[in-house]
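Okay, here's what each chain looks like letter by letter:
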Amino acid sequence: MESAPPVYSNIELICQGAEARIFRCLYFGRRAILKERFVKTYRHPDLDSAVTLQRLKGEVRLLTRAKQLGIHTPSIYHIDWSKRTIIMEDLYDSRTVKSIIDTLIQENNTMKLDELAQQIGSTIGRLHQAQIVHGDLTTSNMLLSENNQLYLIDFGLSAHVPNKTQMLEALAVDLYVLERAIICTHQKAKHFFSNILMAYKNSISDDKQRTLTMNKYEEVRARGRKRSMVG
Amino acid sequence: MAITAIGFEGSANKIGIGIIRDGEVLSNPRHTYITPPGEGFRPNLTAKHHQSVILDLLEKALKEANIKSLADIDVFCFTKGPGMGAPLIVVATVVRTLAQLYNKPIIGVNHCIGHIEMGRLITGAKNPVVLYVSGGNTQIIAYSEHRYRIFGETIDIAVGNCLDRFARLLKLSNDPSPGYNIEQLAKKGQNYIQLPYTVKGMDVSFSGILSHIKTIIVGNKQARKNQNEIKQHSYTNEDLCFSLQETLFAMLVEITERALAHVGSNQVLIVGGVGCNVRLQEMMGAMCKERQATVCAIDERYCIDNGAMIAQAGYEMYNADKTRKGMTLDETNCSQRYRTDAVYVSWRDD
């Protein structure tokens, strides 16, 4: 009797992020990524399952929403609630933007860097226009495929924020997280973030919305500064 | 030639004086200003406290270190900031006076850098991700290109401040510290109460949790008044302490893990007053075990604000500067706001 391809095969750990273990595998014979939000033994079990399920649900929901907006994200194949696992498309021909920036800096390729910043800025702009925040924008969570398409991954901390005042705050924090991630990991990439911000601003068509977001962003930045008052 | 550094710390309610000779702690006495239960420490009263004990403490430090005269000290270090203005100024004034009397160089040290350098000295950790948690600060820090960079931090109150204010609500004793008493009560906690869990990217927020727990405490008191209400809705203080610790620390461990993953480091160093909480150390250990990383934790002698840490950071700064002049008198002012990443780290060349 001929048997159907196994559900999972060739499972191989590729990395352990902060949130989850990422495996490569074959899912019904197709190349796939398996993202398992493993049990955090340091967290109280009640807290852990509440936080994990909330993030799992959010990730699936917002990955799909982002895709609807025409932003490249991996496709979801299957969700296994009991194992806290998402099985999704394997973008095997892509590299993280983090490593690409490092290469470009070594090559001193400013033109390509500017292009990349432009791409990142407009993509985030599009996401934000739909009131979606990513929640963990770092250059490790962006992939660039072989044909130069920017993919956003890891929507575990993302949220849809329709409420107007909460939204501005959330968008601004999202940008601020990215700014600090870039300052911390890519000190040598001068102007990279300001180029992203420029492209981001250009992607917002509504003048009023743009000013409001930028003002809020400045406010959030100042907030970080003020800390360290007491010690 | 061996360099002997003396460090004066008084940015909050502790005053400490430590003497270090080339990485060896000779003495490190400390005195804490303890307020009655339900009260915090006010800047002016804290300054008066520091004023009243600083000279006795200095004598003690010299005696324990077996140093006859201040003339045998090579460099005077003090906390330049961040911290409470009045106590900082008291200590700075004493240090400036002494240094001029004995004609010695002065170094003003960033308090947070003091914690980091002391942690590195004691644990031998080379390039760890640093979780700095105290009454006034909550930061996750990684070194890169001559700066200690802040990866994530609290966007409102510090974790220690959240714990202190919670302890005031329950009227817990401030002796030896509110955090210690919460930790002891938490050990007897049974029931986990769901509290808000607020991680925003690399940042955390604690003020909402404090407000939330306030409403629970108020509700509790009312439930006890109307005795006919079912006891189910009232929690014990032990449960509250337990749940608060579990929630706060889970958030801290999570952002530390995030930073570890992002930087690609496998060492965590916990510093600051909250860092001596054993439960936090345990949770951090559990996280690290799963990532094949290690935790470097230090005990209360060096976790809590102390003079030796200021001496150590000051020694590093002094040693890296080949002119050996220290700071000019104009530069020895204090600042309540002085960010960790504002300091150029001249003494590390990695």
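Residues numbered from 1 in each chain as written. Chains lettered and ligands numbered in written order. Predicted model: local features only at pLDDT ≥ 70, side-chain atom pairs only at ≥ 80, totals over all residues. Heavy atoms only, no water.

Going by what an unreviewed UniProt entry lists, chain B is known as N(6)-L-threonylcarbamoyladenine synthase and is assigned to Adineta steineri. In the Catalytic activity (unreviewed entry) part of its UniProt record, chain B is described as follows: "L-threonylcarbamoyladenylate + adenosine(37) in tRNA = N(6)-L-threonylcarbamoyladenosine(37) in tRNA + AMP + H(+)". UniProt annotates chain B under Sequence similarities (unreviewed entry) with the comment "Belongs to the KAE1 / TsaD family." (UniProt positions renumbered as here; feature names shortened; annotations may be inferred.)

Looking at an unreviewed UniProt entry, chain A carries the name non-specific serine/threonine protein kinase, with the source organism given as Adineta steineri. Under Sequence similarities (unreviewed entry), UniProt gives the following word-for-word description of chain A: "Belongs to the protein kinase superfamily. BUD32 family."

Undergrad: Hey, could you run me through the domain arrangement of chain B in this one?
TA: Interface size is commonly expressed as the accessible surface area that is lost when the partners come together. All names here are of chain B. Entries for chain B in the domain assignment read domain 1 (4-116 + 304-331) and domain 2 (125-302). Listed per partner, the contact involves 17 residues of domain 1 and 21 residues of domain 2. Taken as a group, His115, Ile116 and Ile304 account for 37% of the area that domain 1 buries against domain 2, more than any other trio of residues on that side. For the pair domain 1 and domain 2, the number of links is one salt bridge. Of the charged contacts, one joins Arg30 and Glu300 as a salt bridge, the two residues approaching to 3.4 Å between their closest N and O atoms. In this assembly, domain 1 and domain 2 are joined by nine residue pairs in polar contact (both at pLDDT 80 or more). For the side of domain 1 that touches domain 2, the leading source of residues is helix H3 (residues 111-123), giving five residues. Broken down by class, the residue content of the side of domain 1 that touches domain 2 amounts to eight nonpolar, seven polar and two charged. (Domains from an automatic or database assignment. Contact = heavy atoms within 4.5 Å. Buried area = accessible area lost by both parts, 1.4 Å probe. Salt bridge = Lys/Arg side-chain N within 4 Å of Asp/Glu carboxyl O. Polar contact = N/O pair within 3.5 Å; in protein donor to acceptor, adjacent residues only side chain to side chain. Helix = DSSP H or I, 4+ residues; strand = E, 2+ residues; numbered from the N terminus. Nonpolar A, V, L, I, M, F, W, Y, C, P; charged D, E, K, R; others polar.)

Undergrad: I keep staring at the sheet that holds strand E12 (residues 267-271) of chain B and nothing clicks. Help me out?
TA: The pairing of strands in a sheet comes from backbone hydrogen bonds and takes either a parallel or an antiparallel form. Residue and element names in this part refer to chain B. Spatially, five strands are ordered E9-E8-E7-E12-E13 in an open sheet, and the strand pairing comes out mixed. The sheet terminates laterally at strand E9 (147-153) and strand E13 (294-297), the two strands that pair on one side only. On average, each strand axis in the sheet is tilted by 25° relative to the strand beside it, whichever way the strands run. Here strand E8 (residues 138-144) runs beside E9; their pairing, made up of six bridges, is antiparallel. Across the sheet, Ile141 pairs through a bridge with Ile150, a residue of E9. On top of the sheet, helix H7 (residues 237-263) reaches strand E7 (129-133), E8, E9 and E12; it is set at about 155° to E7, its chief contact. (Pairing = 2+ DSSP bridges. Axes fitted to C-alpha atoms, helices over the stretch in contact; angles between N-to-C directions.)

Undergrad: Quick question: what am I supposed to make of the interface of chain B and chain A here?
TA: Taken together, the contact pairs 46 residues of chain B with 43 residues of chain A. Contact between chain B and chain A buries roughly 3,700 Å² in total, counting both sides, with carbon and sulfur atoms accounting for 50%. Its salt-bridge partner being Arg180 of chain A, residue Glu153 of chain B comes within 3.6 Å of it at the nearest N-O pair. Looking at the side of chain B that touches chain A, the elements with two or more residues in it are E9, strand E10 (199-200), H7 and helix H8 (278-290) of chain B.

Undergrad: I tried to follow the packing of aromatic side chains on my own but got confused; where do I start?
TA: The geometry of an aromatic ring pair is captured by two quantities: the separation of the ring centres and the angle between the planes. One pass over the structure, following the stated rule, counts five aromatic pairs over all chains. Ring plane angle 40° and centroid distance 6.5 Å describe the contact between Phe193 of chain A and Tyr217 of chain A, whose orientation is recorded as tilted. Highlighted residues: Phe193 of chain A in helix H5 (residues 192-203) and Tyr217 of chain A in helix H6 (residues 207-226), separated in sequence by 24 residues. Taken as a pair, Phe193 of chain A and Tyr217 of chain A share a single burial class, namely buried. The structure contains a cluster of three or more aromatic residues connected by ring pairs, namely Tyr8, Tyr27, Phe28 and Tyr77 of chain A. Between the NZ or CZ atom of Arg21 of chain A and the centre of the ring of Phe38 of chain A, over which it lies, the distance is 4.2 Å. Positioned above the aromatic ring of Tyr143 of chain B is the side chain of Arg348 of chain B, whose terminal nitrogen or guanidinium carbon lies 3.8 Å from the ring centre. (Phe/Tyr/Trp six-rings, centres within 6.5 Å; stacked < 30°, edge-to-face > 60°. Buried < 20%, exposed > 50% of the residue type's maximum accessible area, 1.4 Å probe, protein only. Lys NZ or Arg CZ within 6 Å of the ring centre and 35° of its normal.)

Undergrad: Is there a simple way to think about helix H4 (residues 159-169) of chain B in this case?
TA: Within an α-helix, residues lying three or four positions from one another point in the same direction, as the helix has 3.6 residues per turn. Residues and elements named next belong to chain B. Counting buried residues in H4 gives eight out of eleven residues, a clear majority hidden from the surface. Turning to H4, its buried residues are Val159, Gly160, Asn161, Cys162, Leu163, Asp164, Phe166 and Ala167. Those residues of H4 that are buried are in contact with E7, E8, helix H5 (178-186), helix H6 (207-225) and H7. Residue Lys171 follows H4 closely and has a positive phi angle near 55°.

Undergrad: I keep staring at the pattern of salt bridges and nothing clicks. Help me out?
TA: Pairing of side chains with opposite charge becomes possible as their charged atoms draw close. Throughout the structure, instances matching the rule amount to 33 salt bridges over all chains. Of the charged contacts, one joins Asp48 of chain A and Arg43 of chain A as a salt bridge, the two residues approaching to 3.0 Å between their closest N and O atoms. The exposure classification of Asp48 of chain A matches that of Arg43 of chain A, with both residues buried. Between Glu145 of chain B and Lys188 of chain A there is a salt bridge; the shortest N-O distance is 3.7 Å. One end of the pair, Glu145 of chain B, is in the loop between E8 and E9; the other, Lys188 of chain A, is in the loop between helix H4 (164-185) and H5, on a second chain. Glu145 of chain B gets classed as partly exposed once you look at its relative accessible area, which sits at 42%. Salt bridges sharing common partners tie together Glu19, Lys35, Arg37, Arg43, Asp48, Arg55, Glu59, Arg84, Asp136 and Asp154 of chain A together with Glu254 and Arg258 of chain B.

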